[in-house]
Amino acid sequence: MKRMMLIGPSQCGKTSLTQCLRGESLQYQKTQAIVWTAEAIDTPGEYLENRCLYSALLASACEANIIALVLNSNAEWSPFSPGFTVPMNRPTIGIITKSDLATPQQIARVTCWLDMSGAQRVFVTSAVDNSGLAELFAFLNQKESSCLTK
């Protein structure tokens, strides 16, 4: 499985997503520091929300195979600038979480934001009803040469 680094604002569902991918039950847990596992690098939302901490994101990206920009489906705005992950020099995907809480129009808007930020592929997921997780899991287990084919 490719090691994925999750970057997103606070409470967008990064930790819940990693719990689902590991087959764990959902349990709210505030991520206070970068959490390293074999499958994922879970970053605190504050690292994205505070530009002084961007260097920690850049350094941590060196240990990832792929960067995942994560936004909840009903986000009001995007914290990612165009080309946000270019300095990280890793393939980038977008993950929309909490799809069970949003309208198709909201999901389309967040998809557009993730595309503009550099996501080469976007997955729509929900940790509550497990939708989209099988597709994401299959993608993470693909061979490197075809990993970002749309």
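This text follows the structure it describes.
Below is a short write-up of the structure. (Residues numbered from 1 in each chain as written. Predicted model: local features only at pLDDT ≥ 70, side-chain atom pairs only at ≥ 80, totals over all residues. Heavy atoms only, no water.)

Section: empty space enclosed by the protein
Think of a ball as big as a water molecule: rolled over the atoms, this probe shows where empty space is left. The full count for this structure, using the stated rule, is one cavity of 30 Å³ or more. Empty space within the largest cavity amounts to approximately 40 Å³. Forming the boundary of the largest cavity are M4, T18, L21, R22, E39, A40 and L140. Across the lining of the largest cavity, the residue classes tally to four nonpolar, one polar and two charged. (1 Å grid on protein atoms, 1.4 Å probe; cavity = no way out; pocket = protein on both sides within 12 Å on 5 of 7 lines; lining within 4 Å. Points joined across faces, edges and corners; volume = space filled by probe spheres on them. Nonpolar A, V, L, I, M, F, W, Y, C, P; charged D, E, K, R; others polar.)

Comments concerning the packing of aromatic side chains
By convention here, two paired aromatic rings are described through the distance between centres and the angle between planes. Enumeration according to the criterion identifies three aromatic pairs in this entry. Arranged with centres 5.6 Å apart and planes meeting at 90 degrees, the rings of Y54 and F84 form a pair that is edge-to-face. Here F84 lies in the loop between β4 (66–72) and β5 (92–97) and Y54 lies in helix α3 (residues 54–61), a separation of 30 residues in the sequence. When sorted by exposure, Y54 lands in the same class as F84, which is buried. Pairing F80 with F84 gives two aromatic rings, centres 5.4 Å apart and planes at 65 degrees, and the pair type is edge-to-face. The burial state of F80 is the same as that of F84; both residues are buried. Members of the aromatic cluster, connected to one another through ring pairs, are Y54, F80 and F84. One residue, K2, lies across the ring of F139, its end atom 5.5 Å from the ring centre. (Phe/Tyr/Trp six-rings, centres within 6.5 Å; stacked < 30°, edge-to-face > 60°. Helix = DSSP H or I, 4+ residues; strand = E, 2+ residues; numbered from the N terminus. Buried < 20%, exposed > 50% of the residue type's maximum accessible area, 1.4 Å probe, protein only. Lys NZ or Arg CZ within 6 Å of the ring centre and 35° of its normal.)

Coordinates in, geometry out; function isn't part of it.
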